[in-house]
Amino acid sequence: MDLATAVGLLCGLVVVVTLIFLGGDLRMFYDVHALIVIFGGVLAATLVRFTFSGILHGLPLGIKFAFSMRSSHPRELIDELTQIAEVVRKNGPMALENIQVDDSFLGQGIRYVADGYDREFIKDTMERDRDIFLHHLEEGQKIYRAMGDCAPAWGMVGTLIGMIQMFANMSDPSKLGPLMAIALLATLYGALVANLVCLPIADKLHGKLEEENVSRSLVIDGILLIRDSKSPSLVKEMLIAYLPEHHRAEFEEAAA
Amino acid sequence: MDLATAVGLLCGLVVVVTLIFLGGDLRMFYDVHALIVIFGGVLAATLVRFTFSGILHGLPLGIKFAFSMRSSHPRELIDELTQIAEVVRKNGPMALENIQVDDSFLGQGIRYVADGYDREFIKDTMERDRDIFLHHLEEGQKIYRAMGDCAPAWGMVGTLIGMIQMFANMSDPSKLGPLMAIALLATLYGALVANLVCLPIADKLHGKLEEENVSRSLVIDGILLIRDSKSPSLVKEMLIAYLPEHHRAEFEEAAA
Amino acid sequence: MDLATAVGLLCGLVVVVTLIFLGGDLRMFYDVHALIVIFGGVLAATLVRFTFSGILHGLPLGIKFAFSMRSSHPRELIDELTQIAEVVRKNGPMALENIQVDDSFLGQGIRYVADGYDREFIKDTMERDRDIFLHHLEEGQKIYRAMGDCAPAWGMVGTLIGMIQMFANMSDPSKLGPLMAIALLATLYGALVANLVCLPIADKLHGKLEEENVSRSLVIDGILLIRDSKSPSLVKEMLIAYLPEHHRAEFEEAAA
Amino acid sequence: MDLATAVGLLCGLVVVVTLIFLGGDLRMFYDVHALIVIFGGVLAATLVRFTFSGILHGLPLGIKFAFSMRSSHPRELIDELTQIAEVVRKNGPMALENIQVDDSFLGQGIRYVADGYDREFIKDTMERDRDIFLHHLEEGQKIYRAMGDCAPAWGMVGTLIGMIQMFANMSDPSKLGPLMAIALLATLYGALVANLVCLPIADKLHGKLEEENVSRSLVIDGILLIRDSKSPSLVKEMLIAYLPEHHRAEFEEAAA
Amino acid sequence: MDLATAVGLLCGLVVVVTLIFLGGDLRMFYDVHALIVIFGGVLAATLVRFTFSGILHGLPLGIKFAFSMRSSHPRELIDELTQIAEVVRKNGPMALENIQVDDSFLGQGIRYVADGYDREFIKDTMERDRDIFLHHLEEGQKIYRAMGDCAPAWGMVGTLIGMIQMFANMSDPSKLGPLMAIALLATLYGALVANLVCLPIADKLHGKLEEENVSRSLVIDGILLIRDSKSPSLVKEMLIAYLPEHHRAEFEEAAA
């Protein structure tokens, strides 16, 4: 689990609730108008911007990946793949059936090799799965960013509607303050939705996307090398060469 | 029909109207000054920015495509093209005359093959049609984006004019509130035109543009392969190879 | 004449004047302070940004091209060039002396061919003229964009100066309103100069620049082909191949 | 030590404190609410945006490098490497054990050569160390930029919360001023955190990153040339050729 | 001298001073707090952003080049270089000692040829000088742009500090106006520093940088051709070919 996301969101919530309690009363900061305009407005603009299918895939996948951490880093994947190559070399592909791995994508590849599928089928199927997955993750990232970009604008729409009603009913000045407070709530909600939730989650998904792309491509290449019964040392060497600069550095850092 | 666009716009309208009714009176939010400055101003700036011909083609095409959905996805097009290749192989090009397809661009290509036009003519005519179509769609996207970008500025112009008149006539403070409310309406209209309508539609058109480019290029290639009497399996293989990564993934996802 | 530019500017003027008359008095919206700060400030920043020579060439050229339309589209130029190639083929270069064309750049090229100048001279002279022209047009585009970018900032400067004087003289509250109104006028002027005039004109010039580049390059290539006594059908074929995708589409659309 | 960073931060502090004392009382500018919202909010958003590991490495490394200066410029490194090549040529690799250098990365390379490691090992180990280092420095730069980008937004959140509480309790107008002052403090804190600390530090780290990349790559190449017992003049010539344009210029400027 | 820069700055000053005198009193617009926050704050952020060495070279070089004009345009340099090639051809390199040129960089090159230095030395020395010079000019451009980008933020910091002090001392409403006026002065200073001085100068330096790059590279190439005793017509031809499109056009425009 990616604790930083959960701790960050919790921390932001604590900050806001603390501030509110220090200054008064929590109920003062709840307003159904502001909730409607932020959540309704952002939902409306997101529907116009994307397709139903994109939203249904991207939104839950984004949340899931913002909170989860890969079970295996590229360096651990290379270690696992090297060990599997060792096993296949010693005991043949049949021995793969007893191997347990954390990474489900790697597990799928191992099953294909154990079942004796041909190279072309494994390559096509696994690349297709990786591409579908990355496509949905990228769609998720775009949706969170679009929501984060338009939330402040809808906050302003809510505040404008509140202020117009306030000015139009200005005969009773004693109500002016509370009405103004309610009007400002929409701007506050919009700023929090954008700056605490949507934009940081979009940035985190951007990082996960790159990580998954490297890890899954690495798994595919490793499985194909194992399928072709390459020696463990060759598997390791070729996979390290495959890694981009920084990832190679990290791998060797861990190995050191 | 692309329901998400319609549902999104409806949802935005419901949000705004609900907020207004909760706080008072719908008429309070209608002001002819604000309507003039937003629609007149955005129209004026759009006319200076583009040519008459670009606006006349792009504006209606944009609306049409924001609300419509392709009848056939790339994967369905490949299936249809493979079936047509099968038919041509069995019964010759004459058999094409009885084939009915949903996609009008595909239908046009089929007619050309059935009528026995030569390769060069079919390629030139269909590529020309695709390019004209994409050009107008892109022009439409640019126009909606430009309108979305300048609507808030015209909202501010309307609010400034209203506030200047208000301050200049400040002798009667009782009118201050309603005048201020009217001045703020222009900003509200500008924010809604930009954030609910124009910018989301421009974003949706951007997606449609890419989709149409892939689909129509794929139809052209498929028709040319059929014209050359290639075997159905070759047609399928070459068209899948033609698809960009993500689209290939989707195709195979559906096939799985 | 590019009517859209003129109609757009007129339309913007009508919108603003209508709004002002609906709310009161036109004189209320004239203020010499605001005029000085917008036009003086924008002029000052433009002088620091560019050179005298760039401003003297770019500013009038920009206005001229924002309001004018090419007499001949690329497709018409190709038709004209094909006809001229036909004439040269039948009657020799001498016959060119009687040909009248709308496009002055094309006319210049025809004269060179009629006068029997050599290939190298015609190519160098016409490319030089095209480059000087495009350079000045681009400079014009940049100047209008820079003016549009800084006009709102100078509007804010004017409003700040007005508000500082207002607050400093706040002993007489009855003058507060009119002084505030005058202060806001600078912001209004800045918003109008940027969003109605400068930025839309810069965008239009950007389009004209691309159009002129295509048309003039096409004329140069056509003239050189005619100079080399190529056949009309070859001239047409090579010039169409020269056109970028979209322009080729438009040409063939017109031909269809 | 990079004095400019320290002097700049001190100078900014002096400016702000001077302004505050000129206008009154330092305590007026301390508010625990504003501190909580800025530091808590920025921390929260940063946690959601990055991973724990990235923050733990990047934040302290960034501070360290913003305040420190390379002991050796590229030109000095080339001089040192040339001298070392001279020593190795005269006295063999053993003589390297007595050489003292300021740059720890260079020192590490010298030890490898003195200890007689093979070319491949030295290249891999040093490139890995450089890449890990640059990766952490870049992560640091991104974190400071993200913090600088979201600090003003959290300042606005704090001000909105303060203003909402103020308007809701508006029955006692005498408290309005001090409450408003406290509300504005959050915006002030956000602006200072962004414009004095985070964004300038991110910009400085960007420059250090490029400098370290050049210097460390140069050290690696020089060490490898020395390992291969190249002549001092060849080492110098090849390292100068390696430098990018501007760095070459600086080197020769110093040499002149 | 680049008169446009001087006239522009003067014009901006006249606009601001005129506005101030029309509305009252110049002293009202002088405030030591605002001066401290703008100049101190911008200085502080610039120190954190850049190194001492970069600031010391870039700042004065930027001012010098914003106000100065090249003595010779590319086309004049080509004419001069052609004449020099003519002289060398007729009278040998010795004759160069009597030649006087305006451009000091060209003069330096002529001396090298007259003194009989070898090709490699001349090329290296002159390219090194050009690169050092362009590096400092680019650093200057970046510094002016960074100052222009942060000046408005520091204006806001000054205004916030002023407003917080004002609200905290709100017991005496009669002082409210003058205190508000002073608070707004910092925003005004920041807007003027950014929009009249720093950003336009950065834009002008950007143009000068390109111009110097072309001119100095052209001088180096010309000097090397003369050093190799190429014929004047070859020198001219090769230098014109060297010019980028637009510069070639300008050269030939002048020649026409």
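Summing up its helical and strand segments, chain A has nine helices and zero strands in all. When the helices and strands of chain A are read in sequence order from the N terminus, they spell out α-α-α-α-α-α-α-α-α. Rg of the C-alpha trace for chain A: 25 Å, well past the compact-globule value of 18 Å for 256 residues, more than 25% over. For chain A, the C-alpha atoms occupy an extent of roughly 90 × 40 × 30 Å along the three principal directions.

Right, let's get into the pattern of salt bridges. For side chains bearing opposite charge, pairing can occur when the charged atoms are close. For the structure shown, the criterion picks out 40 salt bridges over all chains. Where Lys123 of chain C meets Glu127 of chain C, a salt bridge forms, and the shortest distance between an N and an O atom there is 3.4 Å. Linking Lys123 of chain C with Glu127 of chain C, this pair stays in helix α6 (residues 119-168), spanning four residues, or about one helical turn. Between Asp203 of chain D and Arg145 of chain D there is a salt bridge whose closest N-O contact spans 3.1 Å. Of this pair, Asp203 of chain D sits in helix α7 (residues 176-227) while Arg145 of chain D is found in helix α6 (residues 119-168), placing the two residues 58 residues apart along the sequence. Put simply, Asp2, Lys204 and Lys208 of chain A are held in one network by salt bridges that share partners.

The next thing to look at is the interface of chain C and chain E. Listed per partner, the contact involves 35 residues of chain C and 45 residues of chain E. Both faces combined, the contact of chain C with chain E buries some 3,500 Å², and carbon together with sulfur accounts for 75% of it. The largest share of the area that chain C buries against chain E comes from Val48, Arg49 and Ile164 of chain C, three residues that together contribute 20% of it. Inspection of the chain C/chain E interface yields one salt bridge. Among the ionic pairs, Arg49 of chain C bridges to Asp203 of chain E, the shortest N-O distance being 2.6 Å. Across the chain C-chain E interface, the total number found is six residue pairs in polar contact (both at pLDDT 80 or more). Sorting the residues of the side of chain C that touches chain E by element identifies α2 (32-49) and α6 of chain C as the ones contributing at least two each.

What relates the two chain copies is a rotation about an axis together with a slide along it. Mapping chain B onto chain A is achieved by rotating through 72 degrees and translating by 0.0 Å along the same axis, at an RMSD of 0.1 Å. What we have between these two chains is a five-fold relation.

Below, the discussion takes up the packing of aromatic side chains. According to the stated counting rule, one finds 20 aromatic pairs over all chains in the structure shown. Between Tyr112 of chain B and Tyr117 of chain B, the aromatic rings sit 5.6 Å apart at their centres with planes inclined by 90 degrees, giving edge-to-face as the arrangement. For Tyr112 of chain B, a relative accessible area of 16% gives the class buried. Aromatic side chains Tyr117 of chain E and Phe121 of chain E sit 4.6 Å apart centroid to centroid with 25 degrees between the ring planes, which places their arrangement in the stacked category. Looking at Tyr117 of chain E, the relative accessible area reads 35%, which means it is partly exposed. Under the relative-accessibility criterion, Phe121 of chain E is labelled partly exposed at 33%. Aromatic rings pair up to connect Tyr112, Tyr117 and Phe121 of chain A into one cluster.

Put simply, an interface is often sized by how much accessible area is lost when its parts join up. Each partner contributes to the interface: chain B provides 45 residues, whereas chain A provides 35 residues. Summed over both partners, the interface of chain B with chain A buries about 3,500 Å², with 75% contributed by carbon and sulfur atoms. Where chain B touches chain A, the interface holds one salt bridge. Our count for the contact surface shared by chain B and chain A stands at six residue pairs in polar contact (both at pLDDT 80 or more). Mapped onto the side of chain B that touches chain A, the elements with two or more residues apiece are α1 (3-23), α7 (176-227) and α9 (245-255) of chain B.

With that settled, consider a nonpolar patch on the surface. Together, Met1, Leu3 and Val7 of chain A together with Phe52 and Leu56 of chain D give the surface a local cluster of nonpolar side chains, amounting to about 510 Å² of exposed area. One can find Val7 of chain A in helix α1 (residues 3-23).

The next subject is the side chain of Asn195 of chain B. Within the secondary structure layout, Asn195 of chain B lies in helix α7. Apart from the residues within four sequence positions on either side, Asn195 of chain B is in contact with Ala45, Ala153 and Trp154 of chain A together with Pro200 of chain B.

The next subject is α7 of chain D. Owing to its 3.6 residues per turn, the α-helix aligns residues three or four sequence positions apart on the same side. Residues and elements named next belong to chain D. If you check α7, its first and last C-alpha atoms are 74 Å apart, about what 52 residues at 1.5 Å a residue would give, namely 76 Å. Largest kink in α7: about 40 degrees, centred on Ala194. Summarising burial for α7: 39 of the 52 residues are buried, a large majority.

On to unusual backbone geometry, then. A positive phi angle, close to 55 degrees, is found at Ser229 of chain A, a residue other than glycine. Among the structural elements, Ser229 of chain A can be located in the loop between α7 (176-227) and α8 (232-242).

Relative to the helices and strands, Gly12 of chain C resides in helix α1 (residues 3-23). Among the residues examined, Gly12 of chain C registers a relative accessible area of 0% and is labelled buried. Residues Gly12 of chain C and Leu192 of chain C lie 180 residues apart in sequence; the distance between their C-alpha atoms is 9.0 Å. Contact partners of Gly12 of chain C, with chain neighbours within four places excluded, come to Ala44 of chain B together with Leu196 of chain C.

This next bit is on the packing of helix α6 (residues 119-168) of chain E against helix α7 (residues 176-227) of chain E. Packed helix pairs are specified by the crossing angle of their axes together with the interaxial distance, meaning the distance between the axes. Residues and elements named next belong to chain E. Taken N-terminus to C-terminus, the directions of α6 and α7 make an angle of 170 degrees; their axes are 8 Å apart at the nearest point. Relative to α7, the element α6 is oriented roughly antiparallel. Residue classes in the contact of α6 with α7 are distributed as 30 nonpolar, twelve polar and twelve charged.

This part takes up the confidence of the model for chain A. Residues and elements named next belong to chain A. Considering every residue of chain A, the mean pLDDT works out to 86; 93% of them sit at 70 or more. Confidence, read as mean pLDDT per element, is least for helix α9 (residues 245-255) in chain A (48) and greatest for helix α2 (residues 32-49) (93). Counting contacts from residues 246-250, a segment whose pLDDT is below 50, to residues more than four positions away or on other chains yields 14 contacts. On the interface metric, ipTM, the complex scores 0.82, and its pTM is 0.85.

Taking C-alpha atoms only, the smallest gap left between chain C and chain D, which are not in contact, amounts to 18 Å. Chain B shows no contact with chain E. Their nearest C-alpha atoms sit 17 Å apart.

With 21 residues, α1 of chain C ought to run about 30 Å at 1.5 Å a step, and its terminal C-alpha atoms sit 30 Å apart, in line with that. Regarding α1 of chain C, the residues found buried are Ala4, Thr5, Gly8, Cys11, Gly12, Val15, Val16, Leu19 and Ile20 of chain C. End-on view of α1 of chain C: buried residues confined to an arc of 165 degrees, all on one side of the axis. Exposed residues pointing more than 90 degrees away from the buried face of α1 of chain C are listed as Leu10, Leu13 and Phe21 of chain C. Next to the buried residues of α1 of chain C lie α2 (32-49), α3 (52-67) and α6 (119-168) of chain B together with α3 (52-67) and α7 (176-227) of chain C. Directly beyond the C-terminal end of α1 of chain C, a positive phi value near 155 degrees is found at Gly24 of chain C.

Glancing now at the nonpolar core. In terms of nonpolar packing, the biggest core is built from 277 residues, with Trp154 of chain A, Trp154 of chain B, Trp154 of chain C, Trp154 of chain D together with Trp154 of chain E touching the most fellow members. Residues within four places of Trp154 of chain C in sequence aside, it is in contact with Val37, Ile38, Gly41, Val42 and Ala45 of chain C together with Val16, Leu192, Asn195 and Leu196 of chain E.

About the cut-offs
- Residues numbered from 1 in each chain as written.
- Chains lettered and ligands numbered in written order.
- Predicted model: local features only at pLDDT ≥ 70, side-chain atom pairs only at ≥ 80, totals over all residues.
- Heavy atoms only, no water.
- Helix = DSSP H or I, 4+ residues; strand = E, 2+ residues; numbered from the N terminus.
- Rg over C-alpha atoms; globule rule 2.2 N^0.38 Å.
- Salt bridge = Lys/Arg side-chain N within 4 Å of Asp/Glu carboxyl O.
- Contact = heavy atoms within 4.5 Å.
- Buried area = accessible area lost by both parts, 1.4 Å probe.
- Polar contact = N/O pair within 3.5 Å; in protein donor to acceptor, adjacent residues only side chain to side chain.
- Least-squares fit on C-alpha atoms with pLDDT ≥ 70 in both.
- Phe/Tyr/Trp six-rings, centres within 6.5 Å; stacked < 30°, edge-to-face > 60°.
- Buried < 20%, exposed > 50% of the residue type's maximum accessible area, 1.4 Å probe, protein only.
- Patch = residues over 30% accessible without salt bridge, like charges linked within 9 Å, V, L, I, M, F, W, Y side chains within 5 Å.
- Areas by Shrake-Rupley, 256 points an atom, 1.4 Å probe, with all protein chains shown as cover.
- Expected span 1.5 Å × (residues − 1).
- Bend = angle between axes of the 7 residues up to and from the residue.
- Axes fitted to C-alpha atoms, helices over the stretch in contact; angles between N-to-C directions.
- Parallel < 35°, antiparallel > 145°, perpendicular 65-115°, else oblique.
- Nonpolar A, V, L, I, M, F, W, Y, C, P; charged D, E, K, R; others polar.
- pLDDT = per-residue confidence, 0-100.
- Arc of directions from axis to C-beta.
- Core = buried A, V, L, I, M, F, W, Y, C linked by side-chain atoms within 4.5 Å.

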